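What the coordinates show
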Amino acid sequence: MAKKVVATLKTGKGKEYSKVITMVRSAKTGAYAFKEVTVHNDHVKDAIASSKNAQ
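Reading the values: the criteria
Residues numbered from 1 in each chain as written. Predicted model: local features only at pLDDT ≥ 70, side-chain atom pairs only at ≥ 80, totals over all residues. Heavy atoms only, no water. Helix = DSSP H or I, 4+ residues; strand = E, 2+ residues; numbered from the N terminus. Contact = heavy atoms within 4.5 Å. Areas by Shrake-Rupley, 256 points an atom, 1.4 Å probe, with all protein chains shown as cover. Pairing = 2+ DSSP bridges. Salt bridge = Lys/Arg side-chain N within 4 Å of Asp/Glu carboxyl O. Buried < 20%, exposed > 50% of the residue type's maximum accessible area, 1.4 Å probe, protein only. Polar contact = N/O pair within 3.5 Å; in protein donor to acceptor, adjacent residues only side chain to side chain.

1. Here we look at the overall build of the protein
Regarding its fold elements, the protein presents one helix and two strands. Element order for the protein, N to C, with α for helix and β for strand: β-β-α. Long-range pairs, those at least 24 residues apart, make up 27% of the contacts in the protein between residues at least 6 apart in sequence. A total accessible area of about 4,700 Å² is found for the protein, and carbon and sulfur atoms account for 56% of it.

2. So, the side chain of T22
Tracing the backbone through its elements, the reader meets T22 in strand β1 (residues 17–25). Discounting chain neighbours no more than four positions away, the residues touching T22 are A33, F34, K35 and S51.

3. Description of the pairing of strand β2 (residues 32–40)
In this structure, β1 lies alongside β2, joined through nine bridges in antiparallel fashion. From the neighbouring strand, K19 faces β2, where its bridge partner is T38. Two successive antiparallel strands, β1 and β2, enclose a turn made up of six residues, where G30 displays a positive phi of approximately 80°.

4. Considerations on the pattern of salt bridges
The full count for this structure, using the stated rule, is one salt bridge. Among the salt bridges present, the one from K19 reaches E36, with a minimum N-O distance of 3.6 Å. Separated by 17 residues along the polypeptide, K19 in strand β1 and E36 in strand β2 bring together distant segments of the chain.

5. Re the environment of R25
Note that R25 resides in strand β1. Accessibility expressed as a relative area gives 48% for R25, which makes it partly exposed. Every residue in contact with R25, bar those within four places of it in the chain, is listed here: G30, A31 and Y32. Separated by 3.3 Å, the side chains of R25 and Y32 make a polar contact.

6. Description of the environment of K45
Along the chain, the position of K45 falls in helix α1 (residues 44–54). Residue K45 is classed as exposed on the basis of its relative accessible area, which comes to 72%. In this structure the C-alpha to C-alpha distance between K45 and V20, which are 25 residues apart in sequence, comes to 9.5 Å.

Okay, here's the thing in structure tokens:
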């Protein structure tokens, strides 16, 4: 299911930011959870890479 970025981020300087949603698996239970982070467009790849390293 796709999620939309908050409408207030679409006006003015908000266009420079994106919401990054990653799926993280719990080591203890094995269940999946979603982690949402709003980052600057220049740092999207860094946010995705850091979530992969956290697993």
